[in-house]
Amino acid sequence: MSRRCELTGKGVMVGNNVSHANNKTKRRFMPNLNDVTLTSEALGQSHRFRISAAALRSVDHRGGLDAFLAAAPDADLSTKALRLKREIAKAATAD
């Protein structure tokens, strides 16, 4: 399982630990990933995602999963989220 957010594409970053003596050693900055279940109002279904805490706040801020996916760029989304975005768009045009 990759350490990448399924909705924002946020992943592992690299940097340095810097000591008081200014010695530098490589380190990794891990994203704060959580397993969550989000509900799509357009489809009436729940979907499980592994997303960052910042992405969860963004989903709440934008008004739910459907609104977030509509505004999200396709390049950032995982294949699962991209498929769901297309299903939501198809259901929205059918109504």
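Residues numbered from 1 in each chain as written. Predicted model: local features only at pLDDT ≥ 70, side-chain atom pairs only at ≥ 80, totals over all residues. Heavy atoms only, no water.

1. Section: helix α1 (residues 53–62)
Looking only at α1, the buried set comprises A53, A55 and V59. Seen along its axis, α1 keeps its buried residues to an arc of 160°; they face one direction. Across from the buried face of α1, at angles greater than 90 degrees, the exposed residues are R57 and H61. Tucked into the core, α1 has its buried residues touching β3 (33–40), β4 (45–52) and α2 (65–71). Just downstream of α1, G63 is the residue with a positive phi angle, here 100°. (Buried < 20%, exposed > 50% of the residue type's maximum accessible area, 1.4 Å probe, protein only. Helix = DSSP H or I, 4+ residues; strand = E, 2+ residues; numbered from the N terminus. Arc of directions from axis to C-beta. Contact = heavy atoms within 4.5 Å.)

2. Looking at the environment of V36
Structurally, V36 is set in strand β3. For V36, a relative accessible area of 15% gives the class buried. Spatially, the C-alpha atoms of V36 and R48 are 5.7 Å apart, while their sequence positions differ by 12 residues.

3. So, unusual backbone geometry
Glycine aside, residues mostly have negative phi, and peptide bonds are mostly found in the trans state. The phi angle at N22 is positive, at roughly 65°, despite the residue not being glycine. Relative accessible area serves as the criterion here: at 47%, N22 is assigned to the partly exposed category.

4. Topic: the pairing of β3
Across eight bridges, the pairing between β3 and β4 is antiparallel. Across the sheet, N34 pairs through a bridge with I51, a residue of β4. The antiparallel pairing of β3 with β4 creates a hairpin that spans four residues between the two strands, and G44 there sits at a positive phi of about 70°. (Pairing = 2+ DSSP bridges.)

5. Structural notes on the side chain of E6
Topologically, E6 is positioned in the segment before β1 (13–18). Here E6 sits buried without a salt bridge, and the closest side chain of opposite charge, K80, lies 4.5 Å off (N-O distance). For E6, the residues in contact, after removing those within four places along its chain, are F49, R50, I51, D76, L77, S78, K80 and A81. (Lys, Arg positive; Asp, Glu negative; His and termini not counted. Salt bridge = Lys/Arg side-chain N within 4 Å of Asp/Glu carboxyl O.)

6. Let's talk about the nonpolar core
L7, L38, F49, I51, L65, L69 and L77 are the most contacted members of the largest nonpolar core, which totals 18 residues. Looking at this core, the elements that each hand over two or more residues are β3, β4, α1, α2 and α3 (79–94). Element by element, the count of residues in this core is highest for α3, at four residues. (Core = buried A, V, L, I, M, F, W, Y, C linked by side-chain atoms within 4.5 Å.)

7. Details of α3
Its 16 residues give α3 an end-to-end C-alpha distance of 23 Å, which sits within 8% of 22 Å, the value for a rise of 1.5 Å per residue. Three or more residues of α3 are buried, namely A81, L82, L84, K85, I88 and A91. Close packing links the buried residues of α3 with β3, β4 and α2. (Expected span 1.5 Å × (residues − 1).)

That's the geometry; what it means functionally is another story.
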